[in-house]
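In case you want the letters, here they are:
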Amino acid sequence: MTTDSQRVNTSPHVSDEIRKTTCYMCACRCGINVHLRNDADGKPKIRYIEGNRDHPINKGVLCAKGSAGIMQHYSPARLKAPMKRVGERGEGKFEEISWDEALELATSWLKPIREKAPKKLAFFTGRDQSQSLTGWWAQNFGTPNFAAHGGFCSVNMAAGGIYTFGGAFWEFGAPDWGKTELFMIFGVAEDHDSNPIKLGLSKLKSRGKKIIGVNPVRTGYNAIADEWVGITPGTDGLFVLSIVHELLKAGRIDVDYLIRYTNAPWLLIDDPDAKDHGLFLRDKDGNAQVIDRKTGKTVAYNAKGVKPDLQGEVNLKNGRKAVPSFTLLAKKYLDDRYTPENVAEETGVPASQTRRIAAEIAHAAFEKEVIIDQPWTDMKGERHEKMIGRPVAFHAMRGISAHSNGFQTCRSIHLLQILIGSIDSPGGFRFKPPYPRPVSAQPAPHGGNIPNTPLKGPQLGFMRGPEGLLLEEDGVTPQRIDKAFSWDAPMSSHGLMHMVIANAHARDPYGIDLLFMYMANMSWNSSMNSSGVMKMLTDKDENGEYIIPKLIYSDAYSSEMVAFADLILPDTTYLERHDAISALDRPISEPEALCDAIRWPVIEPDRDVRGFQSVLLDLGARLGLPAMTNEDGTPKFKDYADYIQNHERKPGVGPLLGWRGKDGSKTGRGEPNPNQIDAYIKNGGFSEAHVPAEALYFKHANAAWQNWAIEMGLQDAPVENVFQLYLEPMRKFQLCAEGKAEPQPPETHRERILNCFDPLPSWYPPFEGASIDLNDFPYHALTQRPAAMYHSWGSQNAWLRQIHGHNPMFIPGEICDEVGLKDDDWAYIISHHGKIKVPVKRMNAVNGKTLWTWNAIGKRKGAWALSAKAPETEKGFLLNHIINELLPPKGDGHRWSNSDPITGQAAWFDLRVRVEKAPAEDEVSQPQVDAQNNPVGTPDQTVEYGKEWTK
């Protein structure tokens, strides 16, 4: 339905005008109606915010965060003008300056870096939603040192899925809520994608379908699940592989699906002493070989009419042989190591429960198949009269991702989905446009450090093999400051943001000249070892100079990170600026439709602030970056809105898909339209293009999908997507570690590459637990984000603070009894790295070995314009203080980053602790960091709202 963005409400007591835009209170990006009403002076003020019922994502549903956006906009913590540091770093002492002075100063710092050594700029952004712009800017500057928050949030989820089948959970796909018969959810807190998930769960409940929640903590979605699996943190992969064991043993797998859509039939060379052992057998054209079940001969997997076999053996020359990868897969997971009885102690899941869940999955998949009378043609030209689905759907997020074994765990979950044939089949997991996008359709990562020269491609991407590592000429030293795409984390698709400050401080692999950050609260809740990071940011060298020489920071609010900046570029709130929620970036599509959206200034700023994206384009023009300047040296784009409408990533394809072409008549591909944003505004802030019925399922192999995706500009040619159950690039890394192939890793890295880079999904114990004495630290500790908060954004919001003003540590009843704790007592939580003092609540709906708390509630005194004794500062706390960015030293003194060794994902949830009762006389959380000065001032104890309409 097309709606008008502005209309007069007949009730003057409610609003004078409604403007429709996109929420930014979490990454869900729902459609909202912003009600405006003029105050006594005739100036428009925001009256309230509600969901947009015409929006394809949330359909009018809005959570507490979205409704509280009004208090985010009017927050006392909003920055008011550009500022330059006048005190020491960390104090928070600044003087206001003009935008001209601020931009001239930033340019004077950036220009010599680009002229001499672009890699000396480290440009890292937090939870912004414009990474296609920020990454493009950094590429044009010429620095390899760019990444966003994915590396410390959920890169394992994204990379594990894209490497396996060309998609992933959340932004990449969704359950088929209306058709699934069984739904399993792994490690999902309540804040991510919350409104669509709530809508989906309500559909399942209304249809009477079973929901199984797998999570150490039973809150939120897991609390309404029909069955809860209170798993031990970090063992989800082992639990899933035990289910795989049961399905293989019972023969309950979709063999036809495996043959058609996966590399299960592809032949692997079996020659243990050879340098190609474990690689796919290929013909002279590079095509993987299979056994033709009709002739028994080897043929190309994509030969017309071939019917591959999943079993057998082929004799090659010189006594060599090859076997289908499925042979290795079946042998691996049928091993007794994966029986439910043998994994029960590690997972905390009774064998009977694992075995029953496996049987329920099989029953739903094969006894309740979904059939849609919709003919379709696959990419081989074969016609299918119906779409037949296996109605079991999964969803997973950070709870499985934020472990040092998270990449393999994510792959294990996808292996399970593929074995039963439920990926993009009716009732299963479904791709959201523009996905599927297998690795072959993704960019490779690019490095470089040539003065005044853009990189040849984007900094982030998907590694094909060891030959693509971003290393210096010695084959060892990383090109990037975070050591992404090096031997430390070879397949780190999103970078290692949590290691930037520590590495820059250690000047390992080199020092930097400027740290440029946006919306990244790295001195507090977005860093491990928060106290240590604050020290790193303020440490000086023997000459009295800061080890990290300069720091530019942009944010809308006076966060903890602001205090450490040398220059502050104040951002607008999300209701005061233009944004593109773009298919080039982080799409908001649903499986049935390709969707994108905008934000626009529904209200003008009342402070001297500018949208960061416009500021970035301004800086690019001042620096003379070719993509941002015309031939005469003038800026190519007036501001971000101009960029959104006129930038083309390739001819005819830009940030927005709707209303392209000079007259706005084209969708997907088309020339820039000078009135494109206005068209979005008139349509409620979004565009929507429905996927043709023939292309709704089996997109990975569907000719109709390929044709439509090309028409929409999502790809330029057909893209083959064979699901990679056996991941050959990982075997290539193992061959290098075995000394059989080049380049070879340093000796310190060989063992963990051999152990962790299994080309078949595997499980190994989380690193922190394996490197300490578990008798000293017997318990797990982790955080969850509540439905009413999104990191530190929400916990400075006057309305949301009333829901979560502080955060206790929830401790299982048995541990409370053992230590002598009761509700509202205080406890010390101690890790190998440090100790915190926290308030306690008893909880029994939790894994018996697991403590947990809400994330990012605790605040530093003086930040966020909170009062001096705000509960967030005195009874709120962070686990981050006792998590180290480095693992304990090994015997040789080497300290690895506290990350997944494959992707570099920060292993937040590997933390091991012990609990001791603390004295109650001083009921203040510890550690207490010295208060920072607040450059925006501290408000009264009560933040009042509504006086604008009082006459």
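Calculation notes
- Sequence order as written defines residue numbering, which begins from 1 separately in each chain.
- Restriction of local features to residues with pLDDT of at least 70 applies here, the model being predicted, together with a cutoff of 80 or more for giving and counting side-chain atom pairs; totals for whole chains, interfaces and linings are based on all residues.
- Only hydrogens and water are removed before side-chain values are computed, so all heavy atoms of the structure are retained for them.
- A pocket here means an open set of points on a 1 Å grid, computed over the protein atoms alone, that has protein on both sides within 12 Å along at least five of seven lines. A cavity is instead a set of points where a 1.4 Å probe fits but cannot get out; residues with an atom within 4 Å of a point line either one.
- Grid points are joined across faces, edges and corners, and a volume is the space filled by probe spheres set on the points.
- Helix and strand definitions here come from DSSP, where helices need a minimum of 4 consecutive H or I residues and strands a minimum of 2 consecutive E residues; each element is numbered from the N-terminal end.
- As a working rule, the residues Ala, Val, Leu, Ile, Met, Phe, Trp, Tyr, Cys and Pro are called nonpolar, Asp, Glu, Lys and Arg charged, and the rest polar, with Gly in that last group.
- Burial status follows relative accessibility: with a 1.4 Å probe on protein chains alone, a residue under 20% of its type maximum counts as buried, one over 50% as exposed, and anything between as partly exposed.
- Pairing between two strands requires that DSSP report at least two bridges joining them.
- Under this scheme, a helix contributes an axis fitted over its contacting stretch, all axes are lines through C-alpha atoms, and angles between N-to-C directions fall in the 0 to 180 degree range.
- Any two residues whose heavy atoms approach within 4.5 Å are treated as being in contact.
- By salt bridge we mean one thing: a side-chain nitrogen of Lys or Arg within 4 Å of a carboxyl oxygen of Asp or Glu.
- Pairing of aromatic side chains requires ring centres within 6.5 Å, counting the rings of Phe and Tyr and the six-membered ring of Trp. Pairs whose planes differ by under 30 degrees are stacked, by over 60 edge-to-face, and all others tilted.

What follows covers empty space enclosed by the protein. Tallied over the full model, the rule gives 9 cavities of 30 Å³ or more. As for the largest cavity, its lining consists of 23 residues, of which Q72, M519, D555, Y557 and W793 are closest to the centre. For the lining of the largest cavity, the secondary-structure elements that each account for two or more residues are β24 (550-555) and α24 (791-794). The element best represented in the lining of the largest cavity is α24, accounting for 3 residues. Looking at the lining of the largest cavity residue by residue, the class counts come to 10 nonpolar, 9 polar and 4 charged. Counted as a void, the second largest cavity has a volume near 200 Å³. Along the walls of the second largest cavity sit 19 residues, with G187, G399, T783, Q784 and F909 positioned nearest its centre. Of all the elements in the fold, those that place two or more residues in the lining of the second largest cavity are α13 (398-401) and β29 (779-784). Element by element, the count of residues in the lining of the second largest cavity is highest for β29, at 3 residues.

Residue P436 is bonded to the preceding Y435 through a cis peptide linkage, with omega at 20°. Here P436 lies in the loop between β22 (429-431) and α15 (500-506). Cis geometry is adopted by the peptide bond preceding P509, which originates at D508 and carries an omega value of 15°. Tracing the backbone shows P509 in the loop between α15 and β23 (514-518). Its identity is not glycine, yet N318 carries a phi of approximately 60°, on the positive side. Look at N318 and you get exposed, because its relative accessible area is 78%. One non-glycine residue, W864, lies in the positive phi region at around 60°. Note that W864 resides in the loop between β33 (850-854) and α26 (871-874). When its relative accessible area of 3% is taken as the criterion, W864 is described as buried.

Okay, the pairing of strand β6 (residues 121-125) next. Within β6, 5 of the 5 residues are buried, which leaves the element mostly enclosed by the surrounding structure. Burial along β6 is two-sided: L121, F123 and T125 and A122 and F124, pointing in opposite directions, are all buried. One ladder, built from 5 bridges, connects β6 with β23; its direction is parallel. Counterpart to F123 in the pairing with β23 is F516. Where β6 lies against strand β7 (residues 146-147), 2 bridges are found, and the strand directions are parallel. Pairing of F124 across the sheet is with A147, part of β7.

Spatially, β11-β10-β9-β21 is the arrangement adopted by the 4 strands of the open sheet, whose pairing is parallel. Strands at the two margins of the open sheet, each flanked by one partner only, are β11 (227-229) and β21 (392-396). Strand-to-strand, the axes of this sheet are offset by a mean angle of 15°, without reference to chain direction. Across the face of the sheet, helix α12 (residues 351-367) comes into contact with β9 (182-186), β10 (210-214), β11 and β21 while running at roughly 130° to β11.

Evaluated as defined, the whole model comprises 66 salt bridges. The partner of K284 in a salt bridge is D285, and the shortest N-O contact between them spans 3.7 Å. The exposed category is assigned to K284, whose relative accessible area is 79%. Among the ionic pairs, D825 bridges to K917, the shortest N-O distance being 3.9 Å. Separated by 92 residues along the polypeptide, D825 in the loop between α25 (813-819) and β31 (826-830) and K917 in strand β34 (residues 912-917) bring together distant segments of the chain. Of the residues examined, D825 reaches a relative accessible area of 11% and is grouped as buried.

What follows concerns the packing of aromatic side chains. The tally for this structure, following the rule as stated, stands at 38 aromatic pairs. Between W136 and Y643, the aromatic rings sit 5.5 Å apart at their centres with planes inclined by 50°, giving tilted as the arrangement. Of the two residues, W136 is situated in helix α4 (residues 131-141) and Y643 in helix α18 (residues 640-646); the sequence distance between them amounts to 507 residues. Each member of the pair W136 and Y643 is classed as buried. For the pair Y257 and F723, a centre-to-centre distance of 6.3 Å together with 45° between the ring planes defines the contact as tilted. Separated by 466 residues along the polypeptide, Y257 in helix α9 (residues 255-261) and F723 in the loop between α20 (703-711) and α21 (728-737) bring together distant segments of the chain. For the pair Y257 and F723, one class covers both residues: buried. Through a chain of ring-to-ring contacts, the aromatic side chains of F165, F169, Y257, Y261, W376, F429, F431, F698 and F723 assemble into a single cluster.

This paragraph deals with the pairing of β33. By the criterion of burial, β33 is predominantly enclosed, with 5 of the 5 residues buried. Of the two faces of β33, the one lined by T850, W852 and W854 and the one lined by L851 and T853 are each fully buried. Here β29 pairs with β33 via 5 bridges, running parallel. By the bridge assignment, Q784 is partnered in β33 with W854.

It is worth stressing that arrangement in space is one thing and function is another; only the former is reported here.
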